[in-house]
Amino acid sequence: MTTIIRGGTVVNADRAFRADVLCDGDKIVAVGEQLDAPAHATVIDASGQYIMPGGIDTHTHMQLPFMGTVTADDFFTGTAAGLAGGTTTIMDFVIPNPQQSLLEAYHMWRGWAARSAGDYTFHVAVTWWSDKVHEEMATLVRDHGVNSFKHFMAYKNAIMADDETLVKSFTRALELGAIPTVHAENGELVFQLQQDLLKKGITGPSAHPLSRPPEVEAEAANRAIAIANVLGTPVYIVHVSCAESLDAISRARAKGQRVYGEALAGHLVIDDSVYQSADLEFARGHVMSPPFRSKHHQAALWQGLRGGNLHTTATDHCTFCAEQKAAGQDDFTKIPNGCGGVEDRMSVVWDAGVNSGLLTPSEFVRVTSTNAAQIFNMYPRKGVVAVGADADLVVWDPEGTRTISASTQFAKGGFNVFEGRTVKGIPSHTLHAGQVVFAKGELRAVEGAGRHVDRPAFTKTHA
Ligand code: URP
Ligand code: ZN
Ligand code: ZN
Ligand code: ZN
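Residues numbered from 1 in each chain as written. Chains lettered and ligands numbered in written order. Predicted model: local features only at pLDDT ≥ 70, side-chain atom pairs only at ≥ 80, totals over all residues. Heavy atoms only, no water.

In the nomenclature of an unreviewed UniProt entry, the chain is known as Dihydropyrimidinase of Massilia mucilaginosa. Under the heading Cofactor (unreviewed entry), UniProt records this for the chain: "Zn(2+)". Per UniProt, the chain carries the Sequence similarities (unreviewed entry) text "Belongs to the metallo-dependent hydrolases superfamily. Hydantoinase/dihydropyrimidinase family." (UniProt positions renumbered as here; feature names shortened; annotations may be inferred.)

Draft legend 1. Highlighting the layout of surface pockets. Taken as a whole, the largest pocket holds about 570 Å³ of empty space. Every residue lining the largest pocket is counted, 29 residues in all, and those nearest its centre are Phe66, Met67, Tyr155, Lys156 and Ala158. Broken down by secondary-structure element, the contributors of at least two residues to the lining of the largest pocket are β7 (65-66), α2 (102-113) and α5 (187-199). Considered class by class, the residues forming the lining of the largest pocket number 17 nonpolar, 9 polar and 3 charged. Considering only enclosed or pocket space, the second largest pocket measures out at about 290 Å³ in volume. Along its surface, the second largest pocket is lined by 15 residues, and Arg402, Ile426, Pro427, Phe438 and Gly441 are the ones closest to its centre. Taken together, the residues that form the lining of the second largest pocket break down as 5 nonpolar, 6 polar and 4 charged. (1 Å grid on protein atoms, 1.4 Å probe; cavity = no way out; pocket = protein on both sides within 12 Å on 5 of 7 lines; lining within 4 Å. Points joined across faces, edges and corners; volume = space filled by probe spheres on them. Helix = DSSP H or I, 4+ residues; strand = E, 2+ residues; numbered from the N terminus. Nonpolar A, V, L, I, M, F, W, Y, C, P; charged D, E, K, R; others polar.)

Draft legend 2. Looking closely at the site of ligand 1. Within the structure, ligand 1 sits among 13 residues, and Tyr155, His183, Ser289, Asp316 and Asn337 are positioned closest to it. Between ligand 1 and His59, the relevant distance is 3.4 Å, taken from an oxygen atom to a side-chain nitrogen or oxygen of the residue. His183 places a polar side-chain atom, nitrogen or oxygen, 3.0 Å from an oxygen atom of ligand 1. Under a 2 Å grid-point criterion requiring more than half of the atoms, the pocket assigned to ligand 1 is the largest cavity. Of the residues in the shell around ligand 1, the class split is 5 nonpolar, 7 polar and 1 charged. (Near = heavy atom within 4 Å. Polar contact = N/O pair within 3.5 Å; in protein donor to acceptor, adjacent residues only side chain to side chain. Sits in = over half its atoms within 2 Å of the grid points.)

In structure tokens form, the structure reads like this:
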């Protein structure tokens, strides 16, 4: 398969320039003006459009068994929805149950992910500690292309990692050249606040944000950063949702600590008024952790992205349908936590970020693709339009518009937190591994065409 994309403006994180892009097989083989192409090459006209590296969503949960159910999108439907939105690689999570072998869980997730239409790679969660976990972390790094480990500081009585686990796992990650990541919320405080609210008879979804105020997130972010500082390891904080957590990251970075932060498309544009809706199905549909916050926090997140203290954008794509969410109709603590977005992130961030002047197109590429590739050691295979990189590309129409709706989305679950939002800036074409998988609204995702992306350990100099 040979494809030439002609007449567009290539946008990388470092610069934008006029060039054609020639892809042969699954690689980019030439980038330059007026390129020659073989007669049989497929030609895509990108005049008036941008050619950008395919998006990397650093945080998804396809086919996740969670809170007594399984997410609506599996690895095929979820990655296909990503391709429709210009995301060509997802970073998903292997989440072993406490006492379960990390390797056993990893192989289970790899089996599920074999159906993916786009590329995928895994962070592996450390949910408990033992000598076996210590050994299996090494096997995952050396033999299975894993270089990031996740720690849930929330979800008490389920997958929460206590301080002993954090300290031991961060230490081990550093030894192995892997990066620890955290879901920063103090799980003890969340549990206590949930019980207090239930005792007062406050059982609906409006209680969800009350049980997870910004201080609960900030305490955990500060703790994870402090632990990483003492141990001398970098740390990556997923779904930073509030100004207080961002302040913790900014303070640490100002002192030279290597701390990275991720913002979710949803946290950037949706506010906490959704939990006050009289339509309880709608309110439950927005229950995720950390919750949506006020506009003050949204403004802080944009500042963090622009100022370089937040590095990636993701979705935490974790879809549940209304029936699944209804498990918590009498008790908000039983509402499966999670929302979608993998199909919408690129357009939402472009529309709210670039069209408003908050981000330049190159900054957009940095926070939707390049930084993710660099932080998680996929660069320059991913994250850049350059000779030798994977031919994962999005041809971006800055004038194209789409009104986001569950009724027209490819993702499953029948709900969309961005419902009714009209975005300007959409993919006209997505290429994955050199194949045109999305063209002007038509999705051509192929089940099983996605590849696992091995991510080697960092050299010792990284920490
Ligand atoms: O509510 C969320 N975010 N669900 C998915 C699991 C997690 O915490 O990332
Ligand atoms: Zn194995
Ligand atoms: Zn989380
Ligand atoms: Zn998550």
